[in-house]
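If you want the building blocks of each chain, they are given just below.
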Amino acid sequence: MSTKTKARKSVTITVTIALILFSCNTWDDYKIKYRDSLRQVEIENVERMRLCRTPQNGYRVYQCPKCGSKKYVPFTCKSRLCTSCGTKAANEWAEKINHKLLKVPHRHVVFTIPETLREIFMDPDYQKILFQASKVTMEDMIKFSNKESKKKIKLKIGMIGVLQTYGADMKKNPHVHSIVTEGGFDRNKNWIHVEFIPYKGWRKKWQYELLTRLKKEMPRCRETNNFINHHFTKYPNGFVIYGKRRFNKREGWSMARYIGKYVKHPPIAESRIIAYDEKQVIFWYKDTKTKKKITVTMDKFEFIQIILSHIPKKNFKIVRYFGIYSRRGYKHRQTEFSDEESKLIIRSWRDEIRRVFQYDPLLCPNCNTEMELVEICYEGSENYPTDDETFSCKPPPSNRNLSQQERMQLIIALIRKNQNGGGANIEVVISEATDRGIYREQILNDIQHLEFKGYIYEPKTGEIKSTF
């Protein structure tokens, strides 16, 4: 007689971009293999990401005024490849944009281009044309959609454009996401609302504005004329514009957050990376036409090359503000439409940790007193710690010798070790991981990258409980 045993579900590790880059010496090998094509901005973003939340990147020192205990909080990297920093940056950007939006209806409009033009518009020198053409097209769409006036008048609209250079499959696909006001101010600064915008009818306008500007920038020759004429002939209905999504001020943060992920985030969410075997990366994306999930297997160097190619060149602005939302547009804003008198609130790293983990990182673990900032140490300063130096109050041991995968495996082992009946207390896990050389903030960051299959984290009780 055979005895059936219930299989215990395993804990899996989310494959991160940092794990792909820095495990098995992948990044150093990539730099050698692609040294002739690597851009300096790509190297800077990856190297910053390597030092994210490590003392080598600088840190703040907090001290308890009651018992004198110190806490060292390393700086983040703010790299375009770091999803943790990107999430915070996208949230802050969304707060700023939502604060800036007028209390009028808006439209989310996407300006796309054919596949045959994508390679050309990957060049930053041509990408400004996308912004210029979309702005003029949108102004005319609003102007000629005003049915209240028999005479078409020019309105001062508000428009925020964000350039995205990739699609869901990470392939080259430059297009512009824009937040546009439904209407604008006339010369007398009166607000004129335009409810219906026939964006389908303005595809030819978008095509004309884009191609004529592109023709002026390209070399003057017969090949250029034939190339431009071909795109007028091949697409008689114009280039596609999507503009169905309409939203009000109260939905402004959600819309800005949706668009803001293109500002700082890498071109793929880490949740879409299925596996990595030190040679190949497997990820999935949803096809926009069929709505089906498609799985892609890619060489690790090709994967890295693609995500690096979408990092914009230094000082290039992928966000542009036009009309009312430009720096000079404040003259047209009116009190009844604006929230600028209200206070803009940006959450700090402390607020984010409290929101996610229901844990205050600046409360002294010994006496529960709020700690105070006493020192800021920047990289290269005289107080910056080195291996040979001795400090009166030494920081916790560095985890720089542990890879992300090793840290996560250690954390998982501690969770399993401390499971007592109902679950493992997260404070106990953090305390033991800290004793083994991992910074507290690094532990919390790593926990966010763990997918617990068969485990549930309950913030109210502070436990990670088993579901079986």
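Residues numbered from 1 in each chain as written. Predicted model: local features only at pLDDT ≥ 70, side-chain atom pairs only at ≥ 80, totals over all residues. Heavy atoms only, no water.

So, the overall build of the protein: which residues are in play, and what are the values?
Secondary structure assignment for the protein yields 13 helices and 18 strands. Total accessible area computed for the protein in this model is approximately 25,500 Å², and 48% of it derives from carbon and sulfur atoms. (Helix = DSSP H or I, 4+ residues; strand = E, 2+ residues; numbered from the N terminus. Areas by Shrake-Rupley, 256 points an atom, 1.4 Å probe, with all protein chains shown as cover.)

How would you summarise the side chain of H177 if you had to cite specific residues and measurements?
With respect to the helices and strands, the residue H177 is situated in strand β6 (residues 172-181). Overall, the relative accessible area of 5% leaves H177 in the buried class. Separated by 2.9 Å, the side chains of H177 and Q164 make a polar contact. Discounting residues that sit within four places of it in the chain, H177 has contacts with H108, V109, V110, I160, G161, V162, Q164, I259 and Y262. (Buried < 20%, exposed > 50% of the residue type's maximum accessible area, 1.4 Å probe, protein only. Polar contact = N/O pair within 3.5 Å; in protein donor to acceptor, adjacent residues only side chain to side chain. Contact = heavy atoms within 4.5 Å.)

So what's going on with empty space enclosed by the protein? Residues and values would help.
Gaps between atoms show up when a probe of the same size as a water molecule is rolled over them. What the rule picks out here adds up to one cavity of 30 Å³ or more. The volume enclosed by the largest cavity comes to roughly 60 Å³. Considered class by class, the residues forming the lining of the largest cavity number one nonpolar, one polar and five charged. (1 Å grid on protein atoms, 1.4 Å probe; cavity = no way out; pocket = protein on both sides within 12 Å on 5 of 7 lines; lining within 4 Å. Points joined across faces, edges and corners; volume = space filled by probe spheres on them. Nonpolar A, V, L, I, M, F, W, Y, C, P; charged D, E, K, R; others polar.)

Got a sec to walk through the sheet that holds strand β2 (residues 59-63)? Specific residues and values, please.
Read across the sheet, three strands follow the order β3-β2-β14 without closing on themselves; strand pairing throughout is antiparallel. The open sheet terminates on both sides in strands that have one partner only, identified here as β3 (70-74) and β14 (372-377). Strand-to-strand twist in this sheet, taken as the mean axis angle between neighbours without regard to direction, amounts to 25°. Bridge analysis of β2 against β14 gives five bridges, and the strand direction is antiparallel. Considered in β14, the bridge of Q63 is made with E372. (Pairing = 2+ DSSP bridges. Axes fitted to C-alpha atoms, helices over the stretch in contact; angles between N-to-C directions.)

Explain the packing of aromatic side chains residue by residue, including any values.
Each aromatic ring pair is specified by the distance between its two centres and by the angle formed by the two planes. Per the stated rule, a full pass over the model turns up 13 aromatic pairs. Between W27 and Y30 the ring centres are 5.9 Å apart and the planes differ by 15°, which places this aromatic pair in the stacked class. Within this pair, W27 and its partner Y30 are both found in helix α2 (residues 26-33), separated by three residues, close to a single helical turn. Look at Y30 and you get buried, because its relative accessible area is 3%. Measuring from centroid to centroid gives 5.1 Å for F185 and W191, while their planes differ by 75°, and the two rings are edge-to-face. Among the aromatic residues, those joined into a cluster by ring pairs are W27, Y30, Y34 and F301. Sitting over the face of the ring of Y321, K100 holds its NZ or CZ atom 5.5 Å from the ring centroid. (Phe/Tyr/Trp six-rings, centres within 6.5 Å; stacked < 30°, edge-to-face > 60°. Lys NZ or Arg CZ within 6 Å of the ring centre and 35° of its normal.)

How would you explain the environment of N25 if you had to name every residue and give the values?
On the secondary structure map, N25 appears in the loop between α1 (17-22) and α2. Placed 253 residues apart in sequence, N25 and E278 show a C-alpha to C-alpha distance of 9.8 Å.

Could you give an account of helix α4 (residues 83-100), naming the residues involved and the relevant values?
Taking 1.5 Å of rise per residue, the 18 residues of α4 would be expected to cover 26 Å, and the 25 Å separating its terminal C-alpha atoms lies within 8% of that figure. Within α4, burial applies to T83, S84, C85, G86, A90, N91, W93, A94, I97, N98 and H99. (Expected span 1.5 Å × (residues − 1).)

Quick rundown of the layout of surface pockets? Include the residues and the values.
Estimated volume of the largest pocket: approximately 1,600 Å³. Together, 39 residues line the largest pocket, and G167, A168, N173, H175 and T288 are the ones closest to its centre. With four residues, β6 is the largest single contributor of residues to the lining of the largest pocket.

Tell me what's going on with the nonpolar core, and back it up with residues and numbers.
If you look at the biggest cluster of nonpolar residues, it comprises 57 residues, and the most contacted ones within it are W93, F121, M138, W206, L210 and L214. Here this core gets eight residues from one element, more than from any other, and that element is helix α5 (residues 124-144). Apart from the residues within four sequence positions on either side, W93 is in contact with I160, V162, A256, I259, G260, V263, V319 and Y321. Counting 33 residues, the second-largest nonpolar core is a separate cluster that includes V41, C85, I268 and F301. (Core = buried A, V, L, I, M, F, W, Y, C linked by side-chain atoms within 4.5 Å.)

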